[in-house]
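Read off the chains here:
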Amino acid sequence: MALMEILEFPDPRLRTVAKPVEAFDEALSALVRDMLETMYDEKGIGLAATQVNVHQQVLVMDTSDSRESPRVFINPRLLVADGVQTYEEGCLSVPGIYANVERAEQVRVEARDVEGERFEVELEGLDAVCLQHEMDHLQGKLFVDYLSPLKRQMVRKKLEKARRQAMPAGSQA
C-alpha cells in the first residue's frame with residue numbers, strides 16, 4: 001500500500017469528470033487500498049479518485065468513530081435524494097476551509113463493489129453528506145462551488161497564502 005498525493009484547489013485536474021470503471025481487477029483493488037490508506041492518514045472521512053489524480057468513478061468513505069468501517073462505491077449513481085440538511089463541510093483538497101453546504105438528507109445510491117458486484121444502499125445524515133460530497137468530486141465539482149463567487153475567491157487567496165508561507169525560504173512556486 002502507498003500514500004497518494006492529494007490534489008488541492010484550485011488545481012484544474014480536480015475539474016476532470018471521472019470515467020466509469022470497466023475493469024474490476026487487482027489494479028482497482030490496489031487503488032482502493034491506497035485511497036483508504038491515504039484517507040485514514042489524512043484524517044478524512046471520504047476520498048474520491050479524482051482527488052488523487054485518478055479519473056475513474058471510485059470513492060471511499062468511513063464516517064465511523066472507530067475508523068474501521070470502510071465503504072467503497074464504484075460507478076455510483078444516485079437513485080433517490082430526499083429532504084434537505086445543511087452541514088459544515090471540509091475537504092482534503094481544500095485544507096483548513098469549512099463552510100455550510102445544503103444537501104439531501106437521505107439518499108439511495110446504486111454502485112458496484114471492488115469485485116464488480118452491484119449493490120444499493122440508503123444513507124442519511126453524515127453518511128449521505130459524505131457520499132454526495134465525494135460523488136461531486138467525480139463530476140469535477142468541489143464544495144466551494146456551492147459558495148458565492150466572493151467567498152470562493154477568498155478561499156483561493158487563503159490557500160495560496162498558506163502555500164507561500166509553507167515554502168522554504170529562497171524557493172519559488
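None of these values were measured; they are calculated from a predicted model.

(A) Main features of the sheet that holds strand S7 (residues 118-124). If you trace the five strands from one edge of the open sheet to the other, you get S1-S2-S3-S6-S7, paired in antiparallel fashion. Bordering the open sheet on either side are strand S1 (46-48) and S7, each of which pairs with just one other strand. Strand-to-strand twist across the sheet, computed as the mean angle between neighbouring axes with direction ignored, equals 40°. Across seven bridges, strand S6 (residues 106-112) lies against S7 in antiparallel orientation. Bridge pairing in S7 links Gln-106 to Glu-124. Helix H1 (residues 26-41) contacts S1, strand S2 (58-61) and strand S3 (71-82) of the sheet and is inclined by roughly 40° relative to S2. Across the sheet, helix H2 (residues 125-138) is in contact with S1, S2, S3, S6 and S7; its angle to S2 comes to roughly 150°.

(B) Representation of the state of the cysteines within the structure. Following the criterion strictly, the structure yields zero disulfides and no others. Just so you know, Cys-130 is unpaired, no disulfide at all, and the nearest cysteine sulfur is the one on Cys-91, 10 Å from it.

(C) Local environment of the packing of aromatic side chains. Tallying each qualifying case throughout the model produces one aromatic pair. Note on Phe-73 and Phe-119: the rings are 5.6 Å apart at their centroids and 50° apart in plane angle, and the pair reads as tilted. Here Phe-73 is found in strand S3, whereas its partner Phe-119 is found in strand S7, with 46 residues between them in sequence. Its relative accessible area of 2% is what places Phe-73 among the buried residues. For Phe-119, a relative accessible area of 23% gives the class partly exposed.

Definitions and limits used
Residues numbered from 1 in each chain as written. Predicted model: local features only at pLDDT ≥ 70, side-chain atom pairs only at ≥ 80, totals over all residues. Heavy atoms only, no water. Pairing = 2+ DSSP bridges. Helix = DSSP H or I, 4+ residues; strand = E, 2+ residues; numbered from the N terminus. Axes fitted to C-alpha atoms, helices over the stretch in contact; angles between N-to-C directions. Contact = heavy atoms within 4.5 Å. Disulfide = S-S within 2.5 Å. Phe/Tyr/Trp six-rings, centres within 6.5 Å; stacked < 30°, edge-to-face > 60°. Buried < 20%, exposed > 50% of the residue type's maximum accessible area, 1.4 Å probe, protein only.

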